[in-house]
Amino acid sequence: QVQLVETGGGLVQAGGSLRLSCAASGLTFSNYAMAWFRQAPGKERRFVAAISRTGGRTYGTDSVKDRFTISRDNAKNTVYLQMSSLKPEDTAVYYCAARPLVSMVKTVYDYWGQGTQVTVSS
């Protein structure tokens with residue numbers, strides 16, 4: 001009965017910002033690394049960013065380098081993705097995922113949220 005619920009998606013103009021949130025329940029949040037993946041229409045789901053259990057280590061991809069920041073608040077059982085300088089190519093459904101140890105590989109994640117749509121207009 002683990003549940004991950006993403007919120008914060010929406011429509012934004014290129015150059016704008018959004019902050020996504022993922023609230024976790026049914027697990028001991030501090031025992032799980034968290035990650036964000038995204039899937040554009042007709043494309044495979046791809047890694048965006050990940051954060052270790054304590055927040056001490058973060059990982060990201062070159063496509064979002066210096067624009068996206070992942071963070072977590074273990075007291076709130078929530079992981080965030082702050083997205084700035086958004087581009088149309090960032091348009092995708094963004095998914096939150098959890099597993100005990102941090103990874104960039106989507107197939108090893110145990111739990112997934114339902115996703116939240118981010119649309120960036122030009």
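Residues numbered from 1 in each chain as written. Predicted model: local features only at pLDDT ≥ 70, side-chain atom pairs only at ≥ 80, totals over all residues. Heavy atoms only, no water.

Draft legend 1. Spatial organisation of the side chain of S103. Along the chain, the position of S103 falls in the loop between β9 (92–99) and β10 (111–112). According to the relative accessible area criterion, S103 is buried, its value standing at 15%. From its side chain, S103 meets the backbone nitrogen of V105 in a polar contact 3.0 Å long. Aside from chain neighbours lying at most four places away, what touches S103 is F47, A50, V108 and Y109. (Helix = DSSP H or I, 4+ residues; strand = E, 2+ residues; numbered from the N terminus. Buried < 20%, exposed > 50% of the residue type's maximum accessible area, 1.4 Å probe, protein only. Polar contact = N/O pair within 3.5 Å; in protein donor to acceptor, adjacent residues only side chain to side chain. Contact = heavy atoms within 4.5 Å.)

Draft legend 2. Representation of the pattern of salt bridges in the model. Inspection of the entire model under this criterion finds two salt bridges. When the shortest N-O distance is used, the salt bridge between D90 and R38 registers 3.0 Å. Taken together, the residues D90 in the loop between β8 (78–83) and β9 and R38 in strand β4 (residues 33–39) connect sequence positions 52 residues apart. For the pair D90 and R38, a shared accessibility class is recorded, and that class is buried. (Salt bridge = Lys/Arg side-chain N within 4 Å of Asp/Glu carboxyl O.)

Draft legend 3. Inspection of unusual backbone geometry at higher detail. Residues other than glycine seldom take positive phi values, yet N77 does so here, at roughly 55 degrees. The topology assignment puts N77 in the loop between β7 (68–73) and β8. Residue class for N77 comes out partly exposed when judged on its relative accessible area of 27%. Within the chain, S85 stands out as a residue other than glycine whose phi angle is a positive 50 degrees. Within the secondary structure, S85 sits in the loop between β8 and β9. With a relative accessible area of 42%, S85 lands in the partly exposed category.

Draft legend 4. Molecular detail of the pairing of strand β5 (residues 46–51). β5 sits mainly inside the fold: five of its six residues count as buried. Both β4 and β5 contribute to a ladder of five bridges, which runs antiparallel. Among the inter-strand pairings, W36 is bridged to a residue of β5, identified as A49. Joining the antiparallel neighbours β4 and β5 is a turn of six residues, in which G42 adopts a positive phi near 75 degrees. As paired strands, β5 and strand β6 (residues 58–60) are joined by three bridges and run antiparallel to one another. Paired with I51 across the bridge in β6 is T58. What sits between β5 and β6 in their antiparallel hairpin is a turn of six residues, with G55 showing a positive phi close to 85 degrees. (Pairing = 2+ DSSP bridges.)

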